[in-house]
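Each chain, letter by letter, is given below.
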Amino acid sequence: MLTRRSVIAVSSLAALVALGVAGAGCSKKVAESEIVIGSFLSLTGSDSTFGLDTKKGIDLALEQANAAGGIKGKKIKVIYEDDKSTAAEATQKVQQLIDRDKAIAILGEVASSRTKAGGLVANAKKIPLVTPSSTAVEITKGRDYVFRSCFTDAQQGDVAARFVREKLGKTKVGLFYAAQDTYSSGLAQTFRESFEKRGGKIVVSKGFQKGDTNYTTYLQELKAGNPEIIFAPVYYNEMVPIARQAKQIGLAGSTFVGGDGWDSAELLEGAAAELEGAYFTNHYAPDVPWEHSKAFMAAFNAKHKAAPNSLSAQGYDAARMLFDAISRASDLTPESIRVALTQTKDFKGATGILTIDAERNANKPIVVVKITGNAFKYSTEYSSQ
Amino acid sequence: MKLIDALMTGLAQGGMIALVALGYTMVFGVLKMINFAHSEVFMMAAYVGLFVIAAVGGTAHPLLAAVGGTVVAMFACSLLGITIERIAYRPIRARTRGSKLARVTPLVTALAVSVLLQNLAQLLFTARYRPYPQLFQNTRPIIFVVAIAMMVFLELVVKKTWFGKAMRALSTNEEAARLMGVRTSRTIAMTFALGSSLAAVGAVLYCLDQSQAYPTMGFKIGTQAFVAAVLGGIGNIPGAMLGGLLIGIIGEMVKLTSYSGGVDVLVFVVLILVLLARPAGLLGTTRVEKV
């Protein structure tokens, strides 16, 4: 019994290995007539919506580029790998994409922790990587091959502080953030620095335990500090219960200001009424008055039969910015693509006109979105500098 | 005033934690195993509740929807609990009885079932956060009353019914109980059903009050409930209630301080201190195991 089982196991393993070798042989042959780009995203796991939405944007950019004849007479091929929403898998998948699939550039990740892991590999192997939406500052720092097509948390926190201080004219602000979360506490910190520099005062600051769902006591503490505005840079899934519980203790939705973590249709589905009048900084709004965004929206609607969210728009931009750099590069080596990426200037993306700076970050507009009438509405925009 | 508000919130929160903790403690009492899949039963209940509430009409009939959602979730989760026990735990219990592995293997199986259910939920319902409709203005008093009522009901079941007697007998000595004519398999299945339905009540209340439904939602409250069960003395039913209420209240008190971001740190410090002073938990008794 045991021997027969192990025979089956060994033979099926051998078959798998043979298949793998055959598969690898195939892709190598194809690679010569195609430009191979690797993409690692969270297609399953806890953040699967992030990966799937980004992929929709990349797919659209790819389809458009190939319909227009590809780059330098070659078709583009994007190989997707699923990192299952974990950083360890991200490291492995980027290694695979570079070593096995011979990708000459990498697109990916949304979550900063995973971009950081994947970026480490790409940088060591000298393959350019463009992240569509990781905003943590340290990701591109000191890594010559890692680029981003979105703004950073430092820029975002500064814009939120300027907006609250100058546009809304408020001076007393409360901070509410997830204490164990790099994104949330980092953004709260940059907001605090910028806001205090502009003469505002943080009257109360409350960190909450990540994963907690009972916010009543925290919110009562915030309310007791009498802030005019509460800056809550948290994710949408946390903001839904926060907004509902805030309303119960008499904190109006218009008291809240947030960051790009709020951007999700699920925020509207769960707490649109509770957040009426709230603002948040974002990459994009469905009704931005930019010509190049409208074209993207129409094309996206035609392909996916749904309105794009920020992540899709950012995926689209990252892919197109990379394609643009590849077409400008002198040849198809990773090094030339890296040089071309550093020279990206006034690139017309769906999320605004962007220029890559010396730190490999994008300078581009940051949109302030208002939640009103069960929709995200464009309110104003700031330059990220 | 602030203290009283926090205390009320803590009592409601603690009541919910206690409802889940009871499931851990009852299964431990009977089988001496920790059912790590219990938090996933809780999660499944949240989904069942959500779908039933939506089907009944949600905010149009709040009371009917809430009661209907809870009852159907209780029923569905009893079945789920029994199924898990029947498919995963019972065969392994039968095959490891008396061996050195009798403790470890069921534990690992429970972890496996937990991972399986979580991934199954992700496959069936996607990883989206699904908001519950807001059926009531203020759910906290309802939670507290329902939690206390369920605990009184459970105490009556355990102390006054034939099934409760069988459960206690089983918990004291399985072999002897079987010799005295207790149908152990059926009693164990009933224990799973009861524990799972209490978790289902907790899940629907929890979501109505403060949470969305999503596949990993069981982790946080599952950990808290497990800690509550250990704190009160695992295997001891009033202990689980006491542990749950304590954890709820301690959590809210910490939120009033400037260490609010580290609620869990303090909860675990309390657990360690209590266990150092009383290794069997607050109400638990250490009994020398006869070999």
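In this text, all values refer to a predicted model and were calculated from it rather than measured experimentally. Residue numbering note: each chain is counted from 1, following its sequence as written. Starting at A for chains and at 1 for ligands, labels are handed out in the order in which the entities are written. A pLDDT threshold of at least 70 governs which residues receive local features in this predicted model, and a stricter bar of 80 or more applies before side-chain atom pairs are shown or counted, although totals over entire chains, interfaces and linings include all residues. By convention in this description, side-chain values take in all heavy atoms of the structure and omit both hydrogens and water.

Enquirer: When you look at the interface of chain A and chain B in this model, what are you seeing that I'm missing?
Expert: Interfaces are often described in size by the accessible area the parts lose on coming together. It only takes one pair of heavy atoms within 4.5 Å for two residues to be counted as in contact. Residue-level contacts link 32 residues of chain A with 31 residues of chain B. Put simply, buried area is the surface a 1.4 Å probe can reach on two separate parts but cannot reach once they are joined, added for both. Taken together, the two surfaces of chain A and chain B that pack against each other cover about 2600 Å², and 39% of this comes from carbon and sulfur. A side-chain nitrogen of Lys or Arg and a carboxyl oxygen of Asp or Glu constitute a salt bridge if their distance falls within 4 Å. Where chain A meets chain B, there are 4 salt bridges. A salt bridge links A:E269 to B:R128; the shortest N-O distance between them is 2.9 Å.

Enquirer: Is there a simple way to think about the sheet that holds strand β7 (residues 201-208) of chain A in this case?
Expert: Consider a sheet: its strands pair through backbone hydrogen bonds, and that pairing is either parallel or antiparallel. Residues and elements named next belong to chain A. At least two bridges found by DSSP between two strands is the condition for calling them paired. Numbering of helices and strands runs from the N terminus, with a helix taken as a DSSP run of H or I at least four residues long and a strand as a DSSP run of E at least two residues long. Pairing is mixed in the open sheet, where 7 strands are placed in the order β7-β6-β8-β9-β10-β14-β15. Looking at strand neighbours, the two that pair on one side only are β7 and β15 (375-383), the edges of this open sheet. For this sheet, the mean angle separating the axes of adjacent strands, direction not counted, is 25°. Sheet topology note: the strand β6 (residues 172-178)/strand β8 (residues 229-231) ladder contains 3 bridges and is parallel. To obtain each axis, a line is fitted to C-alpha atoms, and for helices this fit is confined to the stretch in contact; angles are then taken between N-to-C directions over 0 to 180 degrees.

Enquirer: Mind showing me how you'd approach the pairing of strand β12 (residues 352-356) of chain A here?
Expert: Note on strand geometry: in a regular strand, side chains alternate between the two faces of the sheet. Residue and element names in this part refer to chain A. For every residue, the accessible area (1.4 Å probe, protein chains only) is compared with the maximum for its type, and the residue is labelled buried under 20%, exposed over 50%, or partly exposed between those bounds. Residue alternation in β12 divides its side chains into a buried set, G352, L354 and I356, and an unburied set, I353 and T355. Where strand β11 (residues 347-349) meets β12, 3 bridges bridge the pair, whose relative direction is antiparallel. Bridged to G349 within β12 is G352. What sits between β11 and β12 in their antiparallel hairpin is a turn of 2 residues. Inspection of the sheet shows β12 paired to strand β13 (residues 362-363) by 2 bridges, in the antiparallel sense. In the strand pairing of β13, T355 is matched with N363.

Enquirer: Please explain helix α4 (residues 112-124) of chain A as it appears in this structure.
Expert: For the α-helix, the turn length of 3.6 residues means that residues three or four positions removed from each other point alike. Residue and element names in this part refer to chain A. With 13 residues, α4 extends 18 Å between its outermost C-alpha atoms, agreeing within 8% with the 18 Å of an ideal straight helix rising 1.5 Å per residue. If you check which residues of α4 are buried, you get R114, T115, A117, G118, G119, V121, A122 and N123. The positive-phi residue at the C-terminal boundary of α4 is K126, with phi of around 55°. Expected helix span is taken as 1.5 Å per residue step, with the number of steps being one fewer than the number of residues.

Enquirer: What is the right way to read the confidence of the model for chain B from this model?
Expert: Any segment with low pLDDT has predicted coordinates that should not be analysed in fine detail. All names here are of chain B. Known as pLDDT, the predictor's per-residue confidence is scaled from 0 to 100. In the predicted model, chain B carries a mean pLDDT of 90, and the fraction of residues at 70 or more is 98%. Mean pLDDT values for the elements of chain B range from 89 in helix α7 (residues 174-179) up to 95 in helix α2 (residues 38-56). This prediction of the complex comes with two scores: 0.85 for pTM and 0.89 for ipTM.

Enquirer: I would appreciate a short explanation of the packing of aromatic side chains in the present structure.
Expert: What describes a pair of aromatic rings is the distance from one ring centre to the other and the angle between the planes of the rings. Note on ring pairs: Phe, Tyr and Trp rings are taken, using the six-membered ring of Trp, and paired if centres are within 6.5 Å. Classes follow the plane angle, with under 30 degrees stacked, over 60 edge-to-face and the rest tilted. Within the structure shown, the criterion is met by 23 aromatic pairs over all chains. Aromatic side chains B:Y47 and B:F125 sit 4.1 Å apart centroid to centroid with 25° between the ring planes, which places their arrangement in the stacked category. Residue B:Y47 is found in helix α2, and its partner B:F125 is found in helix α4 (residues 104-125); the two are separated by 78 residues along the sequence. According to the relative accessible area criterion, B:F125 is buried, its value standing at 14%. By way of ring pairs, the aromatic residues A:F176, A:F208, A:Y215 and A:Y218 are connected into one cluster. Only when the NZ of Lys or the CZ of Arg is both within 6 Å of the ring centre and within 35 degrees of the ring normal is a charge said to sit over the ring. Against the face of A:Y80 rests A:K55, its NZ or CZ located 4.7 Å from the ring centre. It is A:R338 that lies over the ring of A:Y145; its NZ or CZ is 5.4 Å from the centre.

Enquirer: Honestly, the packing of helix α1 (residues 2-31) of chain B against helix α8 (residues 184-209) of chain B in this entry has me stumped. Any pointers?
Expert: If you want to describe how two helices pack, look at the angle between their axes and the distance between the axes. Residues and elements named next belong to chain B. Two numbers describe how α1 lies on α8: the axes approach to 9 Å, and their chain directions differ by 165°. When the interaxial angle is binned, α1 and α8 end up roughly antiparallel. Between α1 and α8 the crossing geometry is left-handed. Two secondary-structure elements touch here, α1 through Q13, M16, L19, L22, G23, M26, V27, V30 and L31 and α8 through I188, T191, F192, L194, G195, L198, A199, V201, G202, L205 and Y206. Taken together, the residues that form the contact of α1 with α8 break down as 15 nonpolar, 5 polar and no charged. Every angle not falling under 35 degrees, over 145, or within 65 to 115 is termed oblique; those three ranges are roughly parallel, roughly antiparallel and roughly perpendicular. Two helices cross in a left-handed way if the nearer one is turned anticlockwise from the farther one by less than a right angle. They cross in a right-handed way if the turn is clockwise. In the scheme used here, Gly and all other residues not listed as nonpolar or charged are polar, with Ala, Val, Leu, Ile, Met, Phe, Trp, Tyr, Cys and Pro taken as nonpolar and Asp, Glu, Lys and Arg as charged.

Enquirer: Any chance you could explain the packing of helix α2 (residues 48-67) of chain A against helix α10 (residues 291-304) of chain A here in plain terms?
Expert: All names here are of chain A. Where α2 contacts α10, the axes come no closer than 11 Å and their chain directions differ by 100°. On the basis of their axis angle, the class for α2 and α10 is roughly perpendicular. On α10, the residues that touch K56, G57, D59, L60, E63 and Q64 of α2 are F296, A299, F300, K303 and H304. Classifying every residue of the contact of α2 with α10 gives 4 nonpolar, 3 polar and 4 charged.

Enquirer: Is there a simple way to think about a nonpolar patch on the surface in this case?
Expert: Exposure above 30% relative accessible area and the absence of a salt bridge qualify a residue for a patch, where like charges join within 9 Å and nonpolar side chains (Val, Leu, Ile, Met, Phe, Trp, Tyr) within 5 Å. Values of accessible area rely on a 1.4 Å probe in the Shrake-Rupley scheme; residue burial ignores everything except the protein chains shown. Together, B:V265, B:V269, B:I272, B:L273 and B:L276 give the surface a local cluster of nonpolar side chains, amounting to about 500 Å² of exposed area. Residue placement: B:L276 occurs in helix α11 (residues 263-277).

Enquirer: Explain the nonpolar core to me, please; I cannot follow it from the model alone.
Expert: For soluble globular proteins, nonpolar side chains are generally found buried alongside one another. All names here are of chain A. Core analysis: the largest hydrophobic core is formed by 163 residues, its most contacted members being F176, L219, F256 and W262. Throughout the structure description, domain borders are defined by an automatic or database domain assignment. Of the domains in this structure, domain 1 (31-151 + 289-364) and domain 2 (154-282) are the two that each give at least three residues to this core. Apart from the residues within four sequence positions on either side, F256 is in contact with L219, I230, A232, M239, I242, A246, W262, L275, A278 and Y279. The next biggest cluster of nonpolar side chains, apart from the first, holds 22 residues, and it includes F151, V159, V173 and A188. Definition of nonpolar core: a set of buried residues of the types Ala, Val, Leu, Ile, Met, Phe, Trp, Tyr and Cys, connected through side-chain atoms within 4.5 Å.

Enquirer: Even after reading the chapter, I still don't get α2(B), so can you show me in this structure?
Expert: All names here are of chain B. Over its 19 residues, α2 extends 27 Å from the first C-alpha to the last, a length consistent with the 27 Å expected when each residue adds 1.5 Å. Burial analysis of α2 places 14 of its 19 residues in the buried class, which makes it a mostly covered element. Just beyond α2, the residue with positive phi is G57, at close to 120°.

Enquirer: Which parts of the structure should I look at to understand the pairing of strand β1 (residues 34-41) of chain A?
Expert: Residues and elements named next belong to chain A. Burial runs high along β1: 7 of the 8 residues are buried. With 8 bridges joining them, β1 and strand β2 (residues 75-82) adopt parallel strand pairing. Each residue of the ladder has a partner; that of I37, found in β2, is V78. As judged from the 4 bridges shared by β1 and strand β3 (residues 105-108), these two strands associate in the parallel manner. The residue of β3 that forms the bridge with G38 is I106.

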